[in-house]
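Examination of the molecular architecture
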Amino acid sequence: MKSKKHSFFILMNASLGLLTCFVYLYTWVAFAFMESMWTLEPLVSLVASLGLFVMWNIYMLKRESKRYWAQAVFSYLASIAVFAYFLT
């Protein structure tokens, strides 16, 4: 993978991780505030965000080696962890 494409790939996965956090929290506040965070609407948004992540990486990595999946998952989860750290 070329350097610019690889940078875009990592940045996009990190952005998808942040988008997942924002969409999940938005749907929780909009539909189920003062209830558990594990209600139907937030979980649907979480599954949809994870589906978007998988589809994006299938599209980007269809001709690349499997090792880039580990980088994709790490950048996605790391951005979620950083978001959660600064949220507390």
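A quick note: this is a predicted structure, and the numbers were derived from the prediction, not measured.

Each helix and strand in the protein was counted, giving 3 helices and 0 strands. Listing every helix and strand of the protein by position from the N terminus yields α-α-α. Dimensions of the protein, computed from C-alpha atoms along their principal axes, come out at roughly 45 × 25 × 15 Å. Residues classed as buried in the protein amount to 28% of the 88 residues present. Considering only contacts in the protein between residues 6 or more positions apart, those separated by 24 or more positions represent 63%. Counting only carbon and sulfur atoms, one obtains 75% of the accessible surface of the protein, whose full area is about 6,200 Å².

Take the layout of surface pockets next. By volume, the largest pocket is sized at about 220 Å³. Around the largest pocket, the lining residues are Thr20, Cys21, Tyr24, Leu25, Met37, Trp38, Leu46, Ile80, Phe83, Ala84 and Leu87. Contributing elements (two or more residues each) for the lining of the largest pocket: α1 (3-32) and α3 (67-87). A per-class count over the lining of the largest pocket returns 10 nonpolar, 1 polar and no charged.

What follows is about helix α2 (residues 40-60). Between its terminal C-alpha atoms α2 stretches 30 Å, which fits the 30 Å expected from 21 residues at 1.5 Å a residue. Regarding α2, the residues found buried are Pro42, Ser45, Ser49, Phe53, Trp56, Asn57 and Met60. The buried side chains of α2 occupy one side of the element, clustering within an arc of 105 degrees when seen end-on. In this structure, α2 carries Leu40, Val47, Met55 and Tyr59 as exposed residues pointing more than 90 degrees from its buried face. As for α2, its buried residues are in contact with α1 and α3.

On to a nonpolar patch on the surface. A surface patch of nonpolar side chains, about 360 Å² in accessible area, is lined by Val29, Phe33 and Met34. By the element assignment, Val29 lies in helix α1.

Structurally, the position occupied by Thr27 is in helix α1. Sequence separation between Thr27 and Met60 is 33 residues, and the spatial gap between their C-alpha atoms is 28 Å. With near-sequence residues (within four places) excluded, Thr27 lies in contact with Ala32, Glu41, Pro42 and Ser45. Separated by 3.0 Å, the side chains of Thr27 and Ser45 make a polar contact.

Attention shifts here to the packing of aromatic side chains. To describe a pair of aromatic rings, you give the distance between the ring centres and the angle between the ring planes. Applying the stated criterion across every chain, the model contains 8 aromatic pairs. Taking 5.9 Å as the distance between ring centres and 70 degrees as the angle between the ring planes, the aromatic pair formed by Phe8 and Trp56 counts as edge-to-face. Separated by 48 residues along the polypeptide, Phe8 in helix α1 and Trp56 in helix α2 bring together distant segments of the chain. Measuring from centroid to centroid gives 6.4 Å for Phe9 and Tyr68, while their planes differ by 85 degrees, and the two rings are edge-to-face. Highlighted residues: Phe9 in helix α1 and Tyr68 in helix α3, separated in sequence by 59 residues. Summarising the burial analysis for this pair, Phe9 and Tyr68 share the class buried. Taken together, the aromatic side chains of Phe8, Trp56 and Tyr59 make up a single cluster linked through ring pairs.

Thresholds, definitions, all that
- Residues numbered from 1 in each chain as written.
- Predicted model: local features only at pLDDT ≥ 70, side-chain atom pairs only at ≥ 80, totals over all residues.
- Heavy atoms only, no water.
- Helix = DSSP H or I, 4+ residues; strand = E, 2+ residues; numbered from the N terminus.
- Buried < 20%, exposed > 50% of the residue type's maximum accessible area, 1.4 Å probe, protein only.
- Contact = heavy atoms within 4.5 Å.
- Areas by Shrake-Rupley, 256 points an atom, 1.4 Å probe, with all protein chains shown as cover.
- 1 Å grid on protein atoms, 1.4 Å probe; cavity = no way out; pocket = protein on both sides within 12 Å on 5 of 7 lines; lining within 4 Å.
- Points joined across faces, edges and corners; volume = space filled by probe spheres on them.
- Nonpolar A, V, L, I, M, F, W, Y, C, P; charged D, E, K, R; others polar.
- Expected span 1.5 Å × (residues − 1).
- Arc of directions from axis to C-beta.
- Patch = residues over 30% accessible without salt bridge, like charges linked within 9 Å, V, L, I, M, F, W, Y side chains within 5 Å.
- Salt bridge = Lys/Arg side-chain N within 4 Å of Asp/Glu carboxyl O.
- Polar contact = N/O pair within 3.5 Å; in protein donor to acceptor, adjacent residues only side chain to side chain.
- Phe/Tyr/Trp six-rings, centres within 6.5 Å; stacked < 30°, edge-to-face > 60°.

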